[in-house]
Amino acid sequence: EDTLRVKILVLGDSGVGKSSLVHLLTNHSELTNPAWTVGCSLQVGLHEYRSELTGQAERLFFLEFWDIGGYPMHKNSRGVFYHGVHGILLVHDLTNRKTELNLSRWLHESCLGADTPPVLVIGAKSDLCKADALAKRPNGGEAAARIGCPEILLSCVDTRSLSAGTTNAVKLDRFYDQVIEYRLRPRASTPPRVGQAISRPNRQQSKLLHGE
Amino acid sequence: MTVGSDSVVMLASMCAFFALGWVFFLKHLFRDYEVRHWIVLVSFSVTFALSCGMFELIIFEIVGLLDPLSRRLWWRLCIFAMLILVMVVLPYYTCYFAISSASFLPRRRSVRSALALACWLGFVWLFWRLGDPFPILSPNHGIFSLEQCIGRVGVIGVTIMALLSGFGAVNYPYSCMHVFVRPVTQSAVLGIERRLLQTLDLVAAKRRRAALLRRDEAQSRQASGWSLPWTAAAAAARRSGPTAASVESEAANHEELGRQLFLELHELKTAQERAAHSRTLQGRYFNLLGWVFCAYCLWKLCSCTINIVFNRVGKVDPVTRALHICVQLLGFRLDVQFWSQQVSFWLVGIMAVTSIRGLLLTLTKFFFALASTHSSNIMVLLLAQVMGMYFLSSVLLMRMNMPAEYRHIITQVLGDLQFHFYHRWFDVIFLLSASSSIAFIWVAHKQTVGKSEHESLLLR
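Residues numbered from 1 in each chain as written. Chains lettered and ligands numbered in written order. Predicted model: local features only at pLDDT ≥ 70, side-chain atom pairs only at ≥ 80, totals over all residues. Heavy atoms only, no water.

Note the cut-off: UniProt positions are given in the numbering used here, feature names are shortened, and annotations may be inferred rather than shown by experiment.
You'll find chain B entered in an unreviewed UniProt entry as Golgi pH regulator, with Macrostomum lignano given as the organism. According to its UniProt record, chain B has this under Subcellular location (unreviewed entry): "Membrane". Recorded under Sequence similarities (unreviewed entry), the UniProt text for chain B is reproduced unchanged: "Belongs to the Golgi pH regulator (TC 1.A.38) family."

With an unreviewed UniProt entry as reference, chain A is termed Rab-like protein 3, source organism Macrostomum lignano.

Set out below in structure tokens:
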């Protein structure tokens, strides 16, 4: 089968709803019995990509979501998952502001190498949040602004948040396309070594990468 | 000094302790959560302030600061406030938050409050029955007196103290001493990482297959136009090969293996960090402390056993005994009164500070390990309750370590309790806790040593 794989990390504090989100993205249904994620849980979704530049036919890509458990005490063993990443989903809980403030720490922990893959920030549990709090952040909250990437607000128990045609679905598809383009891009430099100095991604670099 | 100015001093120090508890809660304990109910923050800070206030009053007693009358007044105030917190406020709010988090109960405020009140009454009944088998009831006390409440709180607090001390006395040398450090080779760590990534690759391959099968099944369902389950199953049976569900279950099995490998990797990395830490200067210092603590633990175990076997109740506190040895046996000329005061001050001060710091560290460790978004409020309230009972009982037990002239304020304030019973109870529980900790850690150590030997054999 002529299909290619991309690796997308799903990061965030413990209990924000990463496993429910990944289940929603891959199975398009609600996760009925969420359990605490220990280590890494791998789920696979499909995405059809048509390159606008080359005009080739649509190709089917496998999106591998690496849902990494957010326990602070497992921090020393998580490094093994952070190699060969093509995209990062940062998830925070809209009812708990501390989880949003921790997102830059997660990004810093997982970026090994000079350039950052495409990033998307997702605010989960929007059904538990008051409507006026949601209205205050139409263009993304603090974390998304600081990192320089778009943000989606959704509820992982509501399958309609990502139905075709909504703004959320459009942003998500654009993110998938960026991830696939990052994967297909020819790599001139050598692959990053483990233990290299971690550079903090800056806004200009991210904006250029995302073509904004 | 009049009662008025003394009260100002005490009030100022209480406010300082309250602010300290507040900052500790917000910046350290609750740093990953949002404070949504202020009562949790306030009750934790008040419990902490009252505990520190009690230790402060003991120090003032020794040093002779403040008027004796105002000291007695503030003692009674502290004890009374602490009892109200530990027996009324904290249990009621724990029940209230536990009921609020249960989703199958109605959401109305009044219903929740009524249920919480019922639970609290049940707690009070249980609390009262707890004290019956113990010799707390003295003939000259009434049924609902202060001594009854303190006696019961004291039993629970002393049990918690002995359990934590027993486990800590065994665990601290084990975690510090270099004799128990397991050497971990980098090749072992890399081996486990490789196996983990291979397992995840296998999971990914199976899930990719399952995703394609799901898409095919969905397309064939749409194409045939039927959405009946038995038609889809018949179509799948005709099409030879596995279904998405069977491949998915195989992937789940491999994922379980991946979880075990991840936990093993975590253990190895922690052991590696510990080995690296033991080579630093700080590590060597902790190793020395570990040996000292090991000796102290053995001595404490022996003295507890002797106390229980020979039913010995220490009448003389260590301060007076040490001074007695110095003056009469070694022949130093000392002003016993002055030195007794100095040594008691430093001893009680150091014990108070280490006890507060030790308990806060242990509570923080428990909280970080067990709390989640839903249970954070309940966990903090339970920890505040444990803290209140712990400090009340440590005041009770500290009476043993002070010379007779400073003891009587505690005796007066806490009432006429059977103090030697509490010391005996502490010895029994300490012995049980320490011996079961030794057994548990011995078994765990043997298991990990066996596993590392097995792995090094595999690698060769």
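**As for the overall build of chain B**
Counted only if it meets this: Helix and strand definitions here come from DSSP, where helices need a minimum of 4 consecutive H or I residues and strands a minimum of 2 consecutive E residues; each element is numbered from the N-terminal end. The globule rule is 2.2 Å times the number of residues to the power 0.38, and the radius of gyration it is compared with is taken over C-alpha atoms. The cut-offs for exposure are 20% and 50% of the maximum accessible area for each residue type, with area from a 1.4 Å probe on protein chains only; residues under the lower value are buried, those over the upper are exposed, and the others partly exposed. Any two residues having at least one pair of non-hydrogen atoms within 4.5 Å are treated as being in contact. The protein chains shown are the only cover counted for residues, whose accessible areas, like all others here, come from Shrake-Rupley with a 1.4 Å probe. In this tally, Lys and Arg are treated as positive and Asp and Glu as negative; His is ignored, and so are the chain termini. In this description, the location of a charge corresponds to atom NZ of lysine, CZ of arginine, CG of aspartate or CD of glutamate.
Helix and strand counts for chain B stand at 14 helices and zero strands. What you see in chain B, going N to C, is helices and strands ordered as α-α-α-α-α-α-α-α-α-α-α-α-α-α. Its C-alpha radius of gyration of 30 Å places chain B more than 25% over the 23 Å reference for a compact globule of 460 residues. Dimensions along the principal axes, computed over C-alpha positions, put chain B at roughly 100 × 65 × 40 Å. Across the 460 residues of chain B, 42% fall into the buried class. For chain B, the share of sequence-separated contacts (at least 6 apart) that also reach a separation of at least 24 residues comes to 80%. Only carbon and sulfur atoms are counted for the fraction: they give 68% of the accessible area of chain B, which is about 25,200 Å². Positive and negative side-chain charges in chain B, numbering 42 and 26 respectively, have mean positions lying 4 Å apart.

**Focus on the packing of helix α3 (residues 68-101) of chain B against helix α12 (residues 376-398) of chain B**
All names here are of chain B. Applied cut-off: Fitted lines through C-alpha atoms give the axes, limited to the stretch in contact for helices. The angle between two N-to-C directions lies from 0 to 180 degrees. By definition in this entry, angles of less than 35 degrees are roughly parallel, angles greater than 145 are roughly antiparallel, angles of 65 to 115 are roughly perpendicular, and the rest are oblique. Should the near helix be turned counterclockwise from the far one by less than a right angle, the crossing is left-handed, whereas a clockwise turn marks it as right-handed.
For the pair α3 and α12, the least separation of the axes is 9 Å and the interaxial angle reads 155 degrees. Classified by the interaxial angle, the pair formed by α3 and α12 is roughly antiparallel. Viewed along their axes, α3 and α12 form a crossing whose handedness is left-handed. Facing α3, whose interface residues are W75, I79, M82, L83, V86, L90, P91, Y93, T94, F97, A98 and S101, α12 presents N377, I378, L381, L382, A384, Q385, G388, M389, L392 and V395.

**What to know about the interface of chain B and chain A**
For clarity, the threshold we go by: By definition, the buried area sums, over both parts, the 1.4 Å-probe accessible area that each loses when the two are put together. Salt bridges are identified by distance alone: a Lys or Arg side-chain nitrogen within 4 Å of an Asp or Glu carboxyl oxygen. A 3.5 Å cut-off defines polar contacts: any pair of N or O atoms within that distance qualifies, except that in protein one atom must be a possible hydrogen donor and the other a possible acceptor, and neighbouring residues in sequence count only when both atoms are side-chain atoms. Think of it as three bins: nonpolar holds Ala, Val, Leu, Ile, Met, Phe, Trp, Tyr, Cys and Pro, charged holds Asp, Glu, Lys and Arg, and polar takes everything else, Gly as well.
Contact with chain B, which involves 30 residues of that partner, is made by 32 residues of chain A. Around 2,800 Å² of area is buried between chain B and chain A when both sides are counted, 59% of it from carbon and sulfur atoms. Between chain B and chain A we count three salt bridges in total. A salt bridge links R215 of chain B to E48 of chain A, with the nearest nitrogen and oxygen atoms 3.8 Å apart. Across the contact surface, chain B and chain A share 13 residue pairs in polar contact (both at pLDDT 80 or more). Counting residues per element, the side of chain B that touches chain A draws most heavily on helix α6 (residues 186-224) of chain B, which supplies 13 residues. Residue composition of the side of chain B that touches chain A, grouped by class: twelve nonpolar, four polar and 14 charged.

**Some words on the sheet that holds strand β3 (residues 59-68) of chain A**
Residue and element names in this part refer to chain A. The condition that has to hold: Note on pairing: two strands pair once DSSP finds at least 2 bridges between them.
Strand order in the open sheet formed by six strands is β2-β3-β1-β4-β5-β6, and the pairing between neighbours is mixed. With partners counted over all chains shown, the strands left at the sheet margins are β2 (40-49) and β6 (151-153), one partner each. When the angles between neighbouring strand axes are averaged without regard to direction, this sheet yields 25 degrees. One ladder, built from ten bridges, connects β2 with β3; its direction is antiparallel. Directly across from H47, in β3, lies its bridge partner F61.

**Regarding a nonpolar patch on the surface**
Residues and elements named next belong to chain B. Counted only if it meets this: Residues enter patches when they are more than 30% accessible in relative terms and free of salt bridges; like-charged ones are connected within 9 Å and nonpolar ones (Val, Leu, Ile, Met, Phe, Trp, Tyr) within 5 Å.
Together, F80, I84, V88 and L146 make up a nonpolar patch on the protein surface, roughly 320 Å² of accessible area in all. Residue contributions to the nonpolar patch peak at three residues, all from α3. Residue placement: V88 occurs in helix α3.

**Considerations on the pattern of salt bridges**
Enumeration according to the criterion identifies 13 salt bridges over all chains in this entry. In this structure, E64 of chain A and R5 of chain A form a salt bridge, with 3.0 Å as the shortest nitrogen-oxygen distance. You can see E64 of chain A sitting in strand β3 and its partner R5 of chain A sitting in strand β1 (residues 4-11), a full 59 residues away along the chain. Residue classification places R5 of chain A among the partly exposed positions, given a relative accessible area of 36%. For the salt bridge of K206 of chain B with E250 of chain B, the shortest nitrogen-to-oxygen distance reads 3.0 Å.

**Notes on the domain arrangement of chain B**
Residues and elements named next belong to chain B. Quick note on the threshold: The domain limits used here are those given by an automatic or database domain assignment.
Along its sequence, chain B is carved into domain 1 (3-180 + 283-459) and domain 2 (186-280). The gap between the C-alpha centroids of domain 1 and domain 2 is 48 Å. Counting residues at the interface gives 13 residues for domain 1 and eleven residues for domain 2. For the pairing of domain 1 and domain 2, the buried interface totals around 870 Å² over both sides, and the portion due to carbon and sulfur atoms is 42%.

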